[in-house]
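# Reading the structure
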Amino acid sequence: MNTVERLPTKKLGYDLKLIIGDQIQNAQISINHASDKYQVSRASIYYWLKKYSTLEQKKQGMSKKDEIKKLKEKIEELEFVKDFQQDIIADMELITGVDMSKKSLPKTLADEIEKKKQNRLKENG
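A short tour of the structure in this document, coming up. (Residues numbered from 1 in each chain as written. Predicted model: local features only at pLDDT ≥ 70, side-chain atom pairs only at ≥ 80, totals over all residues. Heavy atoms only, no water.)

## Remarks on the overall build of the protein
Helices and strands together make up the secondary structure of the protein, namely 5 helices and 0 strands. In the protein, the succession of α and β elements from N to C terminus is α-α-α-α-α. Among the 125 residues that make up the protein, the fraction classed as buried is 20%. Contacts in the protein between residues far apart in sequence, at least 24 positions, make up 49% of those at least 6 positions apart. Accessible surface for the protein amounts to roughly 10400 Å². Of this, 55% is attributable to carbon and sulfur atoms. (Helix = DSSP H or I, 4+ residues; strand = E, 2+ residues; numbered from the N terminus. Buried < 20%, exposed > 50% of the residue type's maximum accessible area, 1.4 Å probe, protein only. Contact = heavy atoms within 4.5 Å. Areas by Shrake-Rupley, 256 points an atom, 1.4 Å probe, with all protein chains shown as cover.)

In C-alpha coordinates, the structure reads:
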(Lines give C-alpha, C1' and ligand atoms only; values in the text may rest on other atoms or scores of the structure.)
Protein backbone atom coordinates (compact mmCIF):
# COMPACT_ATOMS: atom_id res chain seq x y z
CA MET A 1 0.00 0.00 0.00
CA ASN A 2 1.31 3.39 -0.98
CA THR A 3 1.12 5.91 1.85
CA VAL A 4 1.41 9.62 1.42
CA GLU A 5 3.16 11.56 4.12
CA ARG A 6 0.88 14.31 5.36
CA LEU A 7 2.06 17.52 6.86
CA PRO A 8 0.52 18.48 10.16
CA THR A 9 -2.11 21.14 9.64
CA LYS A 10 -0.95 24.53 10.71
CA LYS A 11 -3.06 27.67 11.03
CA LEU A 12 -1.56 30.77 9.51
CA GLY A 13 -2.88 34.29 9.87
CA TYR A 14 -4.56 36.16 7.03
CA ASP A 15 -1.66 38.59 6.60
CA LEU A 16 0.87 35.76 6.30
CA LYS A 17 -1.35 34.01 3.74
CA LEU A 18 -1.38 37.21 1.68
CA ILE A 19 2.39 37.53 1.94
CA ILE A 20 2.85 33.91 0.82
CA GLY A 21 0.41 34.48 -2.04
CA ASP A 22 2.30 37.59 -3.14
CA GLN A 23 5.62 35.75 -3.02
CA ILE A 24 4.25 32.94 -5.16
CA GLN A 25 2.54 35.26 -7.65
CA ASN A 26 5.71 37.34 -7.97
CA ALA A 27 7.74 34.16 -8.55
CA GLN A 28 9.84 34.71 -5.44
CA ILE A 29 9.08 31.21 -4.18
CA SER A 30 7.37 28.13 -5.57
CA ILE A 31 4.28 26.53 -4.13
CA ASN A 32 6.37 23.50 -3.16
CA HIS A 33 8.92 25.69 -1.39
CA ALA A 34 6.17 27.62 0.41
CA SER A 35 4.57 24.34 1.46
CA ASP A 36 7.84 23.14 2.97
CA LYS A 37 8.83 26.49 4.47
CA TYR A 38 5.51 27.22 6.17
CA GLN A 39 4.55 23.57 6.78
CA VAL A 40 1.18 23.77 5.06
CA SER A 41 -0.23 21.60 2.32
CA ARG A 42 -0.01 22.61 -1.31
CA ALA A 43 -3.80 22.23 -1.49
CA SER A 44 -4.17 24.90 1.19
CA ILE A 45 -1.85 27.21 -0.71
CA TYR A 46 -3.80 26.67 -3.95
CA TYR A 47 -6.98 27.48 -2.03
CA TRP A 48 -5.47 30.70 -0.65
CA LEU A 49 -4.27 31.72 -4.11
CA LYS A 50 -7.73 31.23 -5.55
CA LYS A 51 -9.37 33.08 -2.67
CA TYR A 52 -6.73 35.83 -2.78
CA SER A 53 -7.13 36.39 -6.52
CA THR A 54 -10.92 36.63 -6.11
CA LEU A 55 -10.47 39.29 -3.43
CA GLU A 56 -8.05 41.20 -5.65
CA GLN A 57 -10.48 41.07 -8.56
CA LYS A 58 -13.23 42.50 -6.34
CA LYS A 59 -10.93 45.29 -5.16
CA GLN A 60 -9.92 46.08 -8.74
CA GLY A 61 -13.55 45.99 -9.82
CA MET A 62 -14.44 48.57 -7.22
CA SER A 63 -11.51 50.76 -8.14
CA LYS A 64 -12.33 50.38 -11.84
CA LYS A 65 -15.85 51.65 -11.15
CA ASP A 66 -14.38 54.64 -9.36
CA GLU A 67 -11.89 55.18 -12.17
CA ILE A 68 -14.65 55.07 -14.79
CA LYS A 69 -16.69 57.57 -12.78
CA LYS A 70 -13.72 59.93 -12.55
CA LEU A 71 -12.97 59.57 -16.26
CA LYS A 72 -16.59 60.35 -17.13
CA GLU A 73 -16.44 63.46 -14.95
CA LYS A 74 -13.18 64.49 -16.64
CA ILE A 75 -14.70 64.01 -20.09
CA GLU A 76 -17.66 66.16 -19.13
CA GLU A 77 -15.33 68.86 -17.82
CA LEU A 78 -13.17 68.78 -20.96
CA GLU A 79 -16.22 68.95 -23.22
CA PHE A 80 -17.38 72.04 -21.34
CA VAL A 81 -13.94 73.66 -21.75
CA LYS A 82 -13.89 72.75 -25.45
CA ASP A 83 -17.33 74.29 -26.00
CA PHE A 84 -16.31 77.44 -24.14
CA GLN A 85 -13.12 77.77 -26.18
CA GLN A 86 -15.02 77.21 -29.41
CA ASP A 87 -17.50 79.93 -28.42
CA ILE A 88 -14.64 82.36 -27.88
CA ILE A 89 -13.01 81.46 -31.20
CA ALA A 90 -16.32 81.78 -33.02
CA ASP A 91 -16.89 85.23 -31.46
CA MET A 92 -13.36 86.34 -32.34
CA GLU A 93 -13.75 85.18 -35.93
CA LEU A 94 -17.04 87.04 -36.25
CA ILE A 95 -15.54 90.22 -34.79
CA THR A 96 -12.28 90.14 -36.76
CA GLY A 97 -13.54 88.48 -39.93
CA VAL A 98 -10.50 86.16 -39.91
CA ASP A 99 -11.09 82.41 -40.08
CA MET A 100 -8.36 81.29 -37.66
CA SER A 101 -9.86 77.89 -36.95
CA LYS A 102 -9.74 76.67 -40.56
CA LYS A 103 -6.02 77.39 -40.71
CA SER A 104 -4.92 75.98 -37.38
CA LEU A 105 -7.42 73.40 -36.12
CA PRO A 106 -8.44 69.93 -37.29
CA LYS A 107 -11.34 69.95 -39.73
CA THR A 108 -13.85 68.50 -37.27
CA LEU A 109 -13.18 71.26 -34.73
CA ALA A 110 -13.15 73.96 -37.40
CA ASP A 111 -16.53 72.65 -38.64
CA GLU A 112 -17.96 72.83 -35.11
CA ILE A 113 -16.77 76.43 -34.78
CA GLU A 114 -18.26 77.27 -38.16
CA LYS A 115 -21.63 75.91 -36.97
CA LYS A 116 -21.38 78.05 -33.83
CA LYS A 117 -20.69 81.10 -35.99
CA GLN A 118 -23.68 80.33 -38.21
CA ASN A 119 -25.91 79.94 -35.14
CA ARG A 120 -24.71 83.27 -33.75
CA LEU A 121 -25.40 84.99 -37.03
CA LYS A 122 -28.94 83.55 -37.06
CA GLU A 123 -29.51 84.63 -33.44
CA ASN A 124 -28.29 88.18 -34.08
CA GLY A 125 -30.13 88.51 -37.39
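## Comments concerning a negative patch on the surface
On the surface, Glu73, Glu76, Glu79 and Asp83 cluster together into a patch of negative charge. Relative to the elements of secondary structure, Glu73 occurs in helix 3 (residues 42-96). The partly exposed category is assigned to Glu73, whose relative accessible area is 46%. (Patch = residues over 30% accessible without salt bridge, like charges linked within 9 Å, V, L, I, M, F, W, Y side chains within 5 Å. Salt bridge = Lys/Arg side-chain N within 4 Å of Asp/Glu carboxyl O. Lys, Arg positive; Asp, Glu negative; His and termini not counted. Charge placed at Lys NZ, Arg CZ, Asp CG, Glu CD.)

## Observations regarding the environment of Asn119
Examined against the element boundaries, Asn119 turns out to sit in helix 5 (residues 107-124). Along the primary structure Asn119 and Ala90 are separated by 29 residues, whereas in three dimensions their C-alpha atoms are 10.0 Å apart.

## Re a nonpolar patch on the surface
On the surface, a nonpolar cluster with roughly 770 Å² of combined accessible area is contributed by Phe80, Val81, Phe84, Ile88, Met92, Ile95, Val98 and Met100. Here the element with the most residues in the nonpolar patch is helix 3; it accounts for 6 residues. The topology assignment puts Val98 in the loop between helix 3 and helix 4 (100-104). On the basis of relative accessible area, Val98 is assigned to the partly exposed category, the value being 37%.

## Observations concerning the side chain of Glu93
By the secondary structure assignment, Glu93 is in helix 3. Using a relative accessible area of 2% as the deciding quantity, one classes Glu93 as buried.

## Overview of the packing of helix 1 (residues 14-25) against helix 2 (residues 31-38)
Relative to each other, helix 1 and helix 2 sit at 150°, their axes nearing to 10 Å. Classified by the angle between their axes, helix 1 and helix 2 sit roughly antiparallel to one another. When you trace helix 1 past helix 2, the crossing you get is right-handed. From helix 1, Leu16, Ile20, Gln23 and Ile24 reach across to helix 2, where they touch Ile31, Ala34 and Tyr38. The residue makeup of the contact of helix 1 with helix 2, split by class, is 6 nonpolar, 1 polar and no charged. (Axes fitted to C-alpha atoms, helices over the stretch in contact; angles between N-to-C directions. Parallel < 35°, antiparallel > 145°, perpendicular 65-115°, else oblique. Left-handed = near helix turned anticlockwise from the far one by under 90°. Nonpolar A, V, L, I, M, F, W, Y, C, P; charged D, E, K, R; others polar.)

## Digging into helix 1
Relative to the 16 Å expected for 12 residues at 1.5 Å per residue, helix 1 spans 16 Å between its end C-alpha atoms, a close match to the ideal helical length. Three or more residues of helix 1 are buried, namely Leu18, Ile20, Gly21, Gln23 and Ile24. Looking at the residues trailing helix 1, positive phi occurs at Ala27, about 60°. (Expected span 1.5 Å × (residues − 1).)

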